[in-house]
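A look at the structure
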2 protein chains.
Amino acid sequence: MPETLPAPCAPEDARRVACIGAGVIGGGWAAHFLARGYDVTAWDPAPDAEEKLRRLVAAAWPALEQIGLAEGAAPNRLTVAGTLAEAVADADFVQESAPEKLELKRSLLAELTAATRPGVVIASSTSGYPMTDMQTAAGDAARLVVGHPFNPPYLIPLVEVVGGERTDRAAVTWASRFYEVAGKSVLTMDRELPGFIANRLQEALWREALHMVANGEASVADIDASITEGPGLRWAFMGPCLTFALAGGEGGMAHMLDHFGPSLKSPWTRLEAPELDRALRDAMVEGCAEAAGDRSYADLVAARDQGVIDVLRATGRLGGTTR
Amino acid sequence: MPETLPAPCAPEDARRVACIGAGVIGGGWAAHFLARGYDVTAWDPAPDAEEKLRRLVAAAWPALEQIGLAEGAAPNRLTVAGTLAEAVADADFVQESAPEKLELKRSLLAELTAATRPGVVIASSTSGYPMTDMQTAAGDAARLVVGHPFNPPYLIPLVEVVGGERTDRAAVTWASRFYEVAGKSVLTMDRELPGFIANRLQEALWREALHMVANGEASVADIDASITEGPGLRWAFMGPCLTFALAGGEGGMAHMLDHFGPSLKSPWTRLEAPELDRALRDAMVEGCAEAAGDRSYADLVAARDQGVIDVLRATGRLGGTTR
């Protein structure tokens, strides 16, 4: 079977999105695309799917109005199709959000490549399957990509985009540009990595949390409070690398690694650390220097402090809000 | 040597705090205690320590004014002492923030117990040493606790409090209450755990990040963006457990574990997961049910959505702010 690309329209010209699977994630995607002014057609085989989907979109809509709708955006531009083929027949882009079962994803993606117009890019919301493993049954696999969102997709900007071995690089580029136009913050990955980037990081934290609960070392409440009252306040606007660089004072990441490097050997988590060799040290130091750009240490501290204050205030912890 | 407690005053009556070590963390503590209206005496053997400390406090002060100072709080209530003994002679509480070297901590804590008035509680800012290992050289070890802050201590609320084998439980209680009165959000731990709670969680994430950079799987910029554009937005106000419960839809944590349980076996991080047995599953489900309290799934979704919107707006990602 020929592998067809390019897509029938440019990413900027896409108008109709099909959401296949309409649970928490698929429904969240539908709400996002509707708010950004797309026509959305959804399909989900569950008997109560339409009711749940419309309830999810209705519940999300006030939030979406608050952050600003695209011109012409309306919840009634959502159509629920009776069949998968009907849902994707006119779609310019397909977002697949079926349950996380590899065989199901495989057959569904094969069905989708057959039912869509030639060249239409199809993205899977999978939380961690590599596209290479999911595209095995598809005839026209060149236009299959991962487009991994975070819950809720209508509010959290991040989407991770990556192709599989049979994916055409052009499909990855098309999808990344489409998501940008659709208001997402896109991380395009050059290579497949189980769990992508953000999920690997949060999965490491999550597994450590599960170990701690399993061993009676901390409660669910302790774990949640330790993040929301601690590092979570910084991570809303400054990533872990730049945050740690600031903890190194004016010496930055270099001082931090030289000072706390030995603690990588400590049993502070069940995850073994890599060897902190010169190459890794330099990569971390240079990456943080790039992130800082021409901002001085004092500039960064001031930005972090203002960020924490703004987040504390926004989340009702400085008084003045009611939540 | 007799081990002396109770403290010479109640936690509510403490007025003078000694900060031993005045780098990024010790200086940040000094700024916090000053803003909360305490008299602060600092000591640090570095030749330029006083200048750096006063610069840190001056830089932090506008932020502290913004969040509201305690009555009478003033940067000029900071005294820099010439010797350790002078710094702690009249202190009602001591916060030790020396460099992270075990031998140094051991001898410093011994010196501090000798130089303070009987019964004064002394807390170490250590990032991960168990107090049991740090209190070995101290004569009067009953009043030594860990009081582990997050950077910057004048803005991030969390402090983790735990004692060592020789610590009197009353000292842990005194310190926890003192920190609460001083405006911190306190996690009191029943047992020593390397890295405490929040550091174990963020250390797991950090080690996975270092592995990814070491292996060329992601850049520093990718890692930081994957958090600030993704899970970090939620973690500012809702911890990882309750966040994951919401991702399970109306089925909550139970559905989440039943659906994503198998992914614990996936290579999504280098950290092995614990066995998801019935006891762990139930502990997670019950912990999340307690966190939810009488809020329905719809209530929680609405609160999360409003939280994300508020954080996006506060961090300048919805327009309307200049940062």
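Note that the coordinates shown come from a computational prediction; the quantities given were computed from them, not determined experimentally.

1. Observations concerning the sheet that holds strand 6 (residues 144-149) of chain A
Residue and element names in this part refer to chain A.
- Pairing is mixed in the open sheet, where eight strands are placed in the order 3-2-1-4-5-6-7-8. At either end of the open sheet lies a strand with only one pairing partner, and these are strand 3 (78-80) and strand 8 (185-188). Strand-to-strand twist in this sheet, taken as the mean axis angle between neighbours without regard to direction, amounts to 25 degrees.
- Contacting strand 2 (39-43) and strand 3, helix 2 (residues 49-67) runs over the sheet at an angle of about 165 degrees to strand 3.
- On the sheet, helix 6 (residues 169-181) packs against strand 1 (16-20), strand 4 (93-96), strand 5 (121-124), strand 6, strand 7 (158-163) and strand 8 and is oriented at approximately 170 degrees with respect to strand 7.

2. Examining the interface of chain A and chain B
- Between chain A and chain B, the contact holds 113 residues from the first and 111 residues from the second.
- Between chain A and chain B we count four salt bridges in total.
- Where E250 of chain B meets R55 of chain A, a salt bridge forms, and the shortest distance between an N and an O atom there is 3.0 Å.
- The interface formed by chain A and chain B includes 39 residue pairs in polar contact (both at pLDDT 80 or more).
- For the side of chain A that touches chain B, the element with the highest residue contribution is helix 7 (residues 198-214) of chain A, accounting for 17 residues.

3. Observations regarding the sheet that holds strand 2 (residues 39-43) of chain B
All names here are of chain B.
- Spatially, eight strands are ordered 3-2-1-4-5-6-7-8 in an open sheet, and the strand pairing comes out mixed. The open sheet is flanked by strand 3 (78-80) and strand 8 (185-188), the only strands paired with a single partner. The average undirected angle you get between the axes of adjacent strands in this sheet is 25 degrees.
- When strand 4 (residues 93-96) meets strand 5 (residues 121-124), the two strands line up parallel, connected through four bridges. Bridge pairing in strand 5 links E96 to S124.
- Sitting on the sheet, helix 6 (residues 169-181) touches strand 1 (16-20), strand 4, strand 5, strand 6 (144-149), strand 7 (158-163) and strand 8, and the angle it makes with strand 7 is about 170 degrees.

4. Section: the packing of helix 7 of chain A against helix 8 (residues 220-228) of chain A
All names here are of chain A.
- Where helix 7 meets helix 8, the closest approach of the two axes is 10 Å, and the angle between their N-to-C directions is 145 degrees. When the axes of helix 7 and helix 8 are compared, the crossing they make is right-handed. Two secondary-structure elements touch here, helix 7 through L205, A209, M212 and V213 and helix 8 through V220, I223 and I227.
- Here the residues of the contact of helix 7 with helix 8 sort into seven nonpolar, no polar and no charged.

5. What about the relation of the copies chain A and chain B?
- Note on the copies: chain A fits chain B at an RMSD of 0.0 Å, the axial shift is 0.0 Å, and the rotation between them is 180 degrees. The superposition of one copy onto the other is thereby described by a two-fold rotation axis.
- When the interface residues of chain A are mapped onto chain B, 98% of them again fall at the interface, so both copies present the same face.

6. Here's the deal with the domain arrangement of chain A
- If you check the domain split of chain A, you get domain 1 (11-188) and domain 2 (230-314).
- A C-alpha centroid distance of 35 Å is found between domain 1 of chain A and domain 2 of chain A.

7. So, the pairing of strand 6 of chain B
Residues and elements named next belong to chain B.
- Most of strand 6 is tucked away, with six of its six residues classed as buried.
- Side chains L144, V146 and H148 project from strand 6 onto one buried face, and the interleaved V145, G147 and P149 project onto a second face that is buried too.
- With three bridges joining them, strand 5 and strand 6 adopt parallel strand pairing. In the strand pairing of strand 6, S124 is matched with V146.
- Bridge analysis of strand 6 against strand 7 gives five bridges, and the strand direction is antiparallel. Paired with G147 across the bridge in strand 7 is V161.

8. Thoughts on helix 13 (residues 297-314) of chain A
- Across its 18 residues, helix 13 of chain A extends 25 Å between first and last C-alpha, which sits within 8% of the 26 Å expected from 1.5 Å per residue.
- Buried within helix 13 of chain A are the following residues: L300, V301, R304, D305, G307, V308, I309, D310, V311, L312 and A314 of chain A.

9. What about the packing of aromatic side chains?
Residue and element names in this part refer to chain A.
- This model, assessed by the stated rule, comprises 25 aromatic pairs over all chains.
- Relative to F33, the ring of W29 lies with its centre 5.2 Å away and its plane at 10 degrees, an arrangement referred to as stacked. Of this pair, W29 and F33 both sit in helix 1 (residues 24-35), four residues apart, which is roughly one turn of the helix.
- The interplanar angle of 85 degrees and the centroid separation of 5.8 Å between the aromatic rings of F33 and Y38 together place this pair among those described as edge-to-face.
- For Y38, a relative accessible area of 6% gives the class buried.

10. What about unusual backbone geometry?
Residues and elements named next belong to chain A.
- Note that the residue after N151, namely P152, is joined by a cis bond; omega there is -5 degrees.
- Structurally, the position occupied by P152 is in the loop between strand 6 and strand 7.
- Positive phi is not limited to glycine here, since F196 has a value of about 55 degrees.
- Inspection of the secondary structure assignment puts F196 in the loop between strand 8 and helix 7.
- Relative accessible area serves as the criterion here: at 2%, F196 is assigned to the buried category.

11. Regarding the pairing of strand 1 of chain B
All names here are of chain B.
- Counting buried residues in strand 1 gives four out of five residues, a clear majority hidden from the surface.
- Direction of pairing for strand 1 relative to strand 2: parallel, over a ladder of five bridges. Looking at strand 2, one finds that R16 is bridged to D39.
- In this fold, the crossover linking strand 1 to strand 2 by way of helix 1 (residues 24-35) has right-handed handedness.

Reading the values: the criteria
- Residues numbered from 1 in each chain as written.
- Chains lettered and ligands numbered in written order.
- Predicted model: local features only at pLDDT ≥ 70, side-chain atom pairs only at ≥ 80, totals over all residues.
- Heavy atoms only, no water.
- Pairing = 2+ DSSP bridges.
- Helix = DSSP H or I, 4+ residues; strand = E, 2+ residues; numbered from the N terminus.
- Axes fitted to C-alpha atoms, helices over the stretch in contact; angles between N-to-C directions.
- Contact = heavy atoms within 4.5 Å.
- Salt bridge = Lys/Arg side-chain N within 4 Å of Asp/Glu carboxyl O.
- Polar contact = N/O pair within 3.5 Å; in protein donor to acceptor, adjacent residues only side chain to side chain.
- Left-handed = near helix turned anticlockwise from the far one by under 90°.
- Nonpolar A, V, L, I, M, F, W, Y, C, P; charged D, E, K, R; others polar.
- Least-squares fit on C-alpha atoms with pLDDT ≥ 70 in both.
- Domains from an automatic or database assignment.
- Buried < 20%, exposed > 50% of the residue type's maximum accessible area, 1.4 Å probe, protein only.
- Expected span 1.5 Å × (residues − 1).
- Phe/Tyr/Trp six-rings, centres within 6.5 Å; stacked < 30°, edge-to-face > 60°.
- Right-handed = clockwise from strand over helix to strand, strands pointing away.

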